Amino acid sequence: MTHDDVLISTGGPVGRIRLNRPKAIHALTQPMCEAMAAALVEWRENPDVRLIMIDHAEGRGFCAGGDIRLLADSGAADGKAARAFFYREYQLNHLLFTYAKPVVTFMDGITMGGGVGISQPAKYRVATERTAYAMPESGIGLFTDVGAGWYLSRLPGRTGQFLALTGARIDGAECLALGLATHYIPSEALDEVKARLAGDPASVEAILADASVAPPSARIEANRERIDRLFASNRYEDILAALEADGSEWSAKELATLATKSPQTCKVSLRLVALGRDHADFADEMRVEYRVAARICQRHDFLEGVRALIVDKDNAPKWDPATPEGVTDHLLDQIFAPLPASEEWEPL
């Protein structure tokens, strides 16, 4: 099976999904999500397929996220296409999360947003020296989705909250240290690893372990005490105050970073991570995220963030509300409120 933007095939006992939009760093579209989901459903019932591999065909990244420009264009109109994309993308995320057969994802290069959504559910997540992992949605007025409330809330200490708010980009060694990756393998060894997996999928754990190497020191570990202490609150204003009071060079840098972010996004993401820890079922996480996505895609900050960072590239978004205090609990309650029963998200 071949789709222009995602190559889907089987080689013996292995199902292969290769993202194939190199000019867009393999950013996901709705047809890509639907093609991947259809293949996974088919392979789920096929006893001959025993392992799934997800990677990218070429280019400098695994997946840079979703097709943000398309989502913003839809959001500026009736939002129907944007909501349809999120609905299908979240069904794919959930399908991967609940998949019984082992899945290996290769997070080689840029792995952001939607790329996180299709890599984190996998049992085996391979990082390399080229991995650049981030949830950068706070900079464009969107929010940390694709299951981020679940994954980030389960990271050590307050690192999940830190990543959600700042959009910090971390490398492969940091991904391994935080548990976002299960293995660290040099990029030059990946082709051999994939060939070995295709030939002997039952030995997936031994093959990945044999190819793994000791990573460099994880930079984020040196800042763990600061992160856990200064990002301790679930109230965004408290985090900003703690960073201000700390007075260190590190805190000043993080404050400057947060000053560029959408206050609405930061508060939404912080609430999402706080709620995510209590979800017992991943479907509950995706249902909440879809409610948020269905509304955020048509709100001012997302449209303005895309204009400022992607369209006009003036990097000067004018957020509304402009301050954290302006993002009230009432506004957040509206964004997180259940949808009408006929519009709620459901898994495949």
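Refer to the structure presented above.
Residues numbered from 1 in each chain as written. Predicted model: local features only at pLDDT ≥ 70, side-chain atom pairs only at ≥ 80, totals over all residues. Heavy atoms only, no water.

J.: Please clarify how the pairing of strand β2 (residues 6-11) should be interpreted in this entry.
T.: The side chains of a regular strand alternate between the sheet's two faces. In terms of strand pairing, β2 meets strand β3 (residues 14-19) through 6 bridges, oriented antiparallel. In the sheet register, threonine 10 faces β3, and the bridge partner there is glycine 15. Between β2 and the antiparallel strand that follows it, β3, lie 2 residues; glycine 12 among them carries a positive phi value of about 65 degrees. (Pairing = 2+ DSSP bridges. Helix = DSSP H or I, 4+ residues; strand = E, 2+ residues; numbered from the N terminus.)

J.: Help me understand the packing of aromatic side chains, please; the structure alone is not making it clear to me.
T.: Ring pairs (aromatic) are described by centroid distance and by the angle formed between their planes. Going through the model one piece at a time under the given rule, you end up with 12 aromatic pairs. Note on tyrosine 90 and tyrosine 290: the rings are 6.5 Å apart at their centroids and 90 degrees apart in plane angle, and the pair reads as edge-to-face. Residue tyrosine 90 is located in helix α3 (residues 80-97), and its partner tyrosine 290 is located in helix α14 (residues 282-296); the two are separated by 200 residues in the primary sequence. For the pair shown, tyrosine 90 and tyrosine 290 are each scored as buried. Seen from their ring centres, tyrosine 151 and phenylalanine 282 are 5.8 Å apart, and the 45 degrees between their planes marks the pair as tilted. (Phe/Tyr/Trp six-rings, centres within 6.5 Å; stacked < 30°, edge-to-face > 60°. Buried < 20%, exposed > 50% of the residue type's maximum accessible area, 1.4 Å probe, protein only.)

J.: When you look at the side chain of glutamate 289 in this model, what are you seeing that I'm missing?
T.: Tracing the sequence through the fold places glutamate 289 in helix α14. In this structure glutamate 289 is buried but unpaired, with arginine 154 as the nearest side chain of opposite charge at 9.3 Å. In this structure the side chain of glutamate 289 is engaged in a polar contact, spanning 2.9 Å, whose partner is the backbone nitrogen of glycine 147. Among all residues touching glutamate 289, those that are not within four sequence positions of it are Tyr90, Phe143, Thr144, Asp145, Val146, Gly147, Ala148, Gly149 and Leu272. (Lys, Arg positive; Asp, Glu negative; His and termini not counted. Salt bridge = Lys/Arg side-chain N within 4 Å of Asp/Glu carboxyl O. Polar contact = N/O pair within 3.5 Å; in protein donor to acceptor, adjacent residues only side chain to side chain. Contact = heavy atoms within 4.5 Å.)

J.: Looking at this model, I keep getting lost on helix α6 (residues 159-166). Mind explaining?
T.: Note that an α-helix has 3.6 residues per turn; residues three or four places apart therefore point the same way. Across the 8 residues of α6, 8 count as buried, placing the element largely inside the fold. By the burial criterion, the buried members of α6 are Thr159, Gly160, Gln161, Phe162, Leu163, Ala164, Leu165 and Thr166. One or two positions beyond α6, positive phi appears at glycine 167, with a value near 70 degrees.

J.: What is the right way to read helix α13 (residues 263-276) from this model?
T.: Between its first and last C-alpha atoms α13 spans 20 Å; for 14 residues at 1.5 Å apiece the expected length is 20 Å, and the two agree. Judged by how many residues are buried, α13 sits mostly within the fold: 11 of 14 residues are covered. Listed in full, the buried residues belonging to α13 are Pro263, Gln264, Thr265, Cys266, Lys267, Val268, Ser269, Leu270, Leu272, Val273 and Gly276. Where α13 is buried, its residues meet α5 (148-153), α6, α11 (236-246), α14, α15 (300-311) and α16 (329-336). (Expected span 1.5 Å × (residues − 1).)

J.: Even after reading the chapter, I still don't get a nonpolar patch on the surface, so can you show me in this structure?
T.: On the surface, a nonpolar cluster with roughly 190 Å² of combined accessible area is contributed by Leu309, Ile310 and Val311. Given a relative accessible area of 31%, leucine 309 falls into the partly exposed group. (Patch = residues over 30% accessible without salt bridge, like charges linked within 9 Å, V, L, I, M, F, W, Y side chains within 5 Å. Areas by Shrake-Rupley, 256 points an atom, 1.4 Å probe, with all protein chains shown as cover.)

J.: Could you clarify how one ought to interpret the pairing of strand β6 (residues 103-107) in this entry?
T.: In terms of burial, β6 is largely enclosed, as 5 of its 5 residues are buried. Of the two faces of β6, the one lined by Val103, Thr105 and Met107 and the one lined by Val104 and Phe106 are each fully buried. The pairing of strand β4 (residues 51-56) with β6 spans 3 bridges and is parallel. Residue pairing in the sheet places isoleucine 54 in a bridge with threonine 105 of β6.

J.: Whenever I open this one, the packing of α14 against α16 confuses me. Can you help?
T.: Relative orientation and spacing of two packed helices are given, respectively, by the angle between their axes and the distance between those axes. Contact geometry of α14 with α16 gives a least axis separation of 7 Å together with a crossing angle of 110 degrees. Between α14 and α16, the crossing angle belongs to the class labelled roughly perpendicular. Between α14 and α16, the contacting residues are Val288, Arg291, Val292, Arg295 and Ile296 on the first element and Gln334, Ile335 and Phe336 on the second. For the contact of α14 with α16, the residue count by class is 5 nonpolar, 1 polar and 2 charged. (Axes fitted to C-alpha atoms, helices over the stretch in contact; angles between N-to-C directions. Parallel < 35°, antiparallel > 145°, perpendicular 65-115°, else oblique. Nonpolar A, V, L, I, M, F, W, Y, C, P; charged D, E, K, R; others polar.)

J.: Where do I start with the pattern of salt bridges in this structure?
T.: Working definition: two side chains of opposite charge can pair if their charged atoms are close together. According to the stated counting rule, one finds 24 salt bridges in the structure shown. Aspartate 55 is the partner of arginine 18 in a salt bridge, and the nearest nitrogen-oxygen pair spans 3.0 Å. Remark: aspartate 55 occurs in strand β4 and arginine 18 occurs in strand β3; sequence separation between them is 37 residues. Assessed through its relative accessible area of 1%, aspartate 55 is described here as buried. Between arginine 21 and aspartate 67 there is a salt bridge, with the nearest N and O atoms lying 3.9 Å from each other. With a gap of 46 residues between them, arginine 21 in the loop between β3 and α1 (30-44) and aspartate 67 in the loop between β5 (61-63) and α2 (68-76) connect regions that are remote in the sequence.

J.: Is there a simple way to explain the packing of α6 against helix α12 (residues 249-258) in this structure?
T.: Packing of α6 against α12 leaves a shortest axis separation of 9 Å and a crossing angle of 50 degrees. As summarised for this structure, α6 and α12 are arranged oblique, according to the angle between their axes. Between α6, through Phe162, Leu165 and Thr166, and α12, the contact on the second element is made entirely by Trp250, Glu254, Thr257 and Leu258. Looking at side-chain class alone, the contact of α6 with α12 contains 4 nonpolar, 2 polar and 1 charged residues.

J.: Sorry if this is basic, but what is going on with the sheet that holds strand β7 (residues 110-112) here?
T.: Hydrogen bonds along the backbone pair up the strands of a sheet, which may run parallel or antiparallel. With respect to topology, 4 strands assemble into an open sheet ordered β5-β7-β9-β10, the strand pairing being mixed. Edge positions in the sheet fall to β5 and β10 (170-171), since each has one partner strand and no second. Pairing of β5 with β7 involves 2 bridges; the strand directions are parallel. Residue pairing across strands places cysteine 63 opposite threonine 111, the latter belonging to β7.

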